[in-house]
Amino acid sequence: DAKTTQPNSMESNEEEPVHLPCNHSTISGTDYIHWYRQLPSQGPEYVIHGLTSNVNNRMASLAIAEDRKSSTLILHRATLRDAAVYYCILAPLIQGAQKLVFGQGTRLTINP
Amino acid sequence: EADIYQTPRYLVIGTGKKITLECSQTMGHDKMYWYQQDPGMELHLIHYSYGVNSTEKGDLSSESTVSRIRTEHFPLTLESARPSHTSQYLCASNRGNSQYFGPGTRLLVL
C-alpha cells in the first residue's frame, strides 16, 4: 500500500482557514486520495476524496497537486468542532471495496 | 446520514469467555469492514467482506472470526477472550468511495 506523510500535529484559530498537507510521492494511478477525521471517542468520519481534480463539498476542499504526489485538505473556516485527528489515506477501489490503511494522522487543535 | 450500529458499546468480560460484537447497517451496503484500534494508536483493518458469504482477513492478524449471512449484519466473534484482546473495535461499510463507521465497541478483558 502506498504510504502518506502528514505532520503529527497542527494548531489553528477558530474561524480561520486551515490547510492540512499530505505527501504521497509513491501514489499509483489507481489510488484515490481519501481524507477521514476522528473526533475524540468516536469512529472515523469521511471528509472528502479525490483522484486527480480538486474537489469541494460541504465539509472541506481537497487540492491535489498536478503530479498527484501531494494534496492539501482545506477547512475554510475552522470551528472548535473541527478539532480531531485527520487521516490522509491512499486506496484503490477494488471490486467496490477499499482497504483503508490508517497512519498516525495529523492532530488538529483549534484555539478559541 | 449513515445508519450503522454496534452493540454493545462497552463490554467488560473475564478471560476465556466467548463474545460476539454486533454490527448492523441499514443502508444495503455490500462491503463491510472491522477495524481494531488501541487507545491513542492507529486503526488496523482485521476483517472485511465483499457481500453475503464473503469474508476476508485484513492487514492485521486477529484471533477473531467473522460471518456474513445477511447483507445488513457482520458480527465479530472471539471464541476465548484474553487480556490482549482489550481494544476498541470499529465496524464500517461502504458503497462507492466513502466508508461509514459505527460508534465502536470498547472491549476490556480482565
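Before reading on, note that the structure itself is shown above.
As the structure is a prediction and not an experimental result, all values here were calculated from the model.

### Thoughts on the overall build of chain A
Phase 1: Of the regular secondary structure elements, chain A holds zero helices and nine strands.
Phase 2: Counting from the amino terminus, helix and strand elements in chain A follow one another as β-β-β-β-β-β-β-β-β.
Phase 3: Radius of gyration (C-alpha) of chain A: 13 Å, near the 13 Å computed for a compact globule of 112 residues.
Phase 4: Projected onto the principal axes, the alpha-carbon positions of chain A cover approximately 40 × 30 × 25 Å.
Phase 5: Residue burial in chain A is summarised as follows: out of 112 residues, 42% are buried.
Phase 6: In chain A, the proportion of contacts linking residues at least 24 apart, taken out of those at least 6 apart, comes to 57%.
Phase 7: Total accessible area on chain A stands at roughly 5700 Å², and carbon and sulfur atoms take up 47% of it.
Phase 8: Positive and negative charge centroids in chain A, built from 9 and 10 side chains respectively, lie 7 Å apart.

### Topic: the environment of B:Gly51
All names here are of chain B.
Phase 1: Here Gly 51 shows up in the loop between strand E5 (43-49) and strand E6 (56-57).
Phase 2: Separated by 20 residues in sequence, Gly 51 and Thr 71 have C-alpha atoms that sit 6.4 Å apart.
Phase 3: Look past the residues within four positions of Gly 51 in its chain and what remains in contact with it is Asp 30 and Arg 68.

### Some details on the packing of aromatic side chains
Phase 1: Scanning all chains against the criterion turns up nine aromatic pairs over all chains.
Phase 2: Ring geometry for A:Tyr36 against B:Phe101: centres 6.0 Å apart, planes inclined by 80°, an arrangement best described as edge-to-face. A residue pair is termed interchain when its members come from two chains, as with A:Tyr36 in strand E3 (residues 32-38) and B:Phe101 in strand E10 (residues 99-101).
Phase 3: According to the relative accessible area criterion, B:Phe101 is buried, its value standing at 11%.
Phase 4: Here A:Tyr87 and A:Phe102 contribute two aromatic rings whose centre-to-centre distance is 5.1 Å and whose plane-to-plane angle is 85°, an arrangement assigned as edge-to-face. Taken together, the positions of A:Tyr87 in strand E8 (residues 84-91) and A:Phe102 in the loop between E8 and strand E9 (106-111) put the pair 15 residues apart, joining distant regions of the chain.
Phase 5: Residue A:Phe102 is classed as buried on the basis of its relative accessible area, which comes to 2%.

Each value, and the rule that gives it
- Along each chain, residues carry numbers from 1 onward, in the same order as the chain's sequence is written.
- In the order they appear in the text, chains get letters beginning with A and ligands get numbers beginning with 1.
- Since the coordinates come from a predicted model, pLDDT governs what is reported: local features require at least 70, and pairs of side-chain atoms require 80 or more to be given and counted, while whole-chain, interface and lining totals use all residues.
- Just so you know, side-chain values use all the structure's heavy atoms and leave hydrogens and water out.
- Strands here are runs of E lasting at least two residues and helices are runs of H or I lasting at least four, both read from the DSSP assignment and numbered beginning at the N terminus.
- Radius of gyration here is computed from C-alpha atoms only, and the compact-globule reference equals 2.2 Å multiplied by the residue count raised to the power 0.38.
- Categorising residues by exposure relies on relative accessible area from a 1.4 Å probe, with only protein chains included: less than 20% of the type maximum marks a residue as buried, more than 50% marks it as exposed, and the intermediate range marks it as partly exposed.
- Should any heavy atoms of two residues lie within 4.5 Å, those residues are considered in contact.
- Only the protein chains shown count as cover for residues, and all accessible areas are computed by the Shrake-Rupley method using a 1.4 Å probe.
- Working convention for charge: Lys and Arg count positive, Asp and Glu count negative, and His plus the chain ends are omitted.
- Here the site of a charge means NZ on Lys, CZ on Arg, CG on Asp, or CD on Glu.
- The rule is short: rings of Phe, Tyr and Trp, with Trp giving its six-membered ring, pair when the centres are within 6.5 Å, and they are stacked under 30 degrees, edge-to-face over 60, tilted in between.

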